Amino acid sequence: MLRILNIRMYRLHVCVLMILGLLVVGCTKEERADVELTAAMREFVGRWFPDERVRETEREGAFLRVRMCRGTQVLFDAGNRWIRIENPARALPRGIVAGPVEEWLDAQRPAARVLLLEHTDGYAVGLDTREIVRFDTDFHATISPWKVAEKVAESD
């Protein structure tokens, strides 16, 4: 009778160890979502979003979209430069953008939260006031209603 009990306990231990092993493998896979990031991309994400963890990366041609655990998305180009950052629920750090853009925002819209940043030819800054401020290469600002705010809020 004792021998039967020992065999059953052995089987129970083996099952528990297998389940724990599967859990560890699953967690390890999830934590390695940043495997496609270059050193420059990791440095950028770590500097500006230290409280977020990379949840998923997705290749879009020459671009890499990085989705983080708190809803922030960053789109990098082939040269490891960010070209779009968005989070419809949380304010983005203003310090990411160039000095004149940050100065303009501090002077003209100090209470507004930045929800979208784009950097292609100049900058585009989407604010929670439903305005998009576009800066040309000479940092002249053009303000317009942000019509895509509803669509952005639905993403991820």
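Now for a look at the structure at hand.

Procedures and definitions
Residues numbered from 1 in each chain as written. Predicted model: local features only at pLDDT ≥ 70, side-chain atom pairs only at ≥ 80, totals over all residues. Heavy atoms only, no water. Helix = DSSP H or I, 4+ residues; strand = E, 2+ residues; numbered from the N terminus. Contact = heavy atoms within 4.5 Å. Areas by Shrake-Rupley, 256 points an atom, 1.4 Å probe, with all protein chains shown as cover. Pairing = 2+ DSSP bridges. Buried < 20%, exposed > 50% of the residue type's maximum accessible area, 1.4 Å probe, protein only. Salt bridge = Lys/Arg side-chain N within 4 Å of Asp/Glu carboxyl O. Arc of directions from axis to C-beta.

Attention now moves to the overall build of the protein chain. Looking only at helices and strands, one finds four helices and eight strands in the protein chain. Shown N-terminal to C-terminal, the secondary structure of the protein chain runs as helices and strands in the order α-α-β-β-β-β-α-β-β-β-β-α. Contacts spanning at least 24 positions in sequence make up 30% of the contacts within the protein chain whose residues lie at least 6 apart. As presented, the protein chain carries roughly 10,100 Å² of accessible surface, and 57% of it is formed by carbon and sulfur atoms.

Take the pairing of strand β5 (residues 114–120) next. Examined bridge by bridge, strand β4 (residues 82–86) and β5 share three bridges and lie antiparallel to one another. For E86, the partnering residue across the bridge sits in β5 and is L116. As defined by bridge partners, β5 adjoins strand β6 (residues 122–127) across six bridges and the pair is classed as antiparallel. Across the sheet, residue H119 finds its bridge partner in β6, namely Y123. Counted along the chain from β5 to the antiparallel partner β6, the turn is one residue long.

Attention now goes to the pairing of strand β3 (residues 73–76). Alternating positions in β3 separate into two faces, Q73 and L75 on one and V74 and F76 on the other, with burial throughout. The pairing of strand β2 (residues 63–68) with β3 spans four bridges and is antiparallel. Paired with R67 across the bridge in β3 is Q73. Between β2 and β3, which pair antiparallel in sequence order, lie four residues; one of them, G71, sits at a positive phi of approximately 95°. Relative to β4, β3 runs antiparallel, the two being bridged by four bridges. Bridge pairing links Q73 to E86 in β4.

So, on to the pattern of salt bridges. Enumeration according to the criterion identifies 13 salt bridges in this entry. A salt bridge links E131 to R109; the shortest N-O distance between them is 2.9 Å. Taken as a pair, E131 in strand β7 (residues 131–135) and R109 in the loop between α3 (99–108) and β5 lie far apart in primary sequence, 22 residues in all. Each member of the pair, E131 as well as R109, is classed as buried.

Before going further, it helps to spend a moment on helix α2 (residues 39–48). When α2 is considered as a whole, its buried residues turn out to be M41, F44, V45 and W48. Considered in projection along α2, the buried side chains sweep an arc of 95° and stay on one side of the axis. Exposed residues pointing more than 90 degrees away from the buried face of α2 are listed as A39 and R47. Tucked inside the fold, the buried residues of α2 contact β1 (54–60), β2, β3 and β4.

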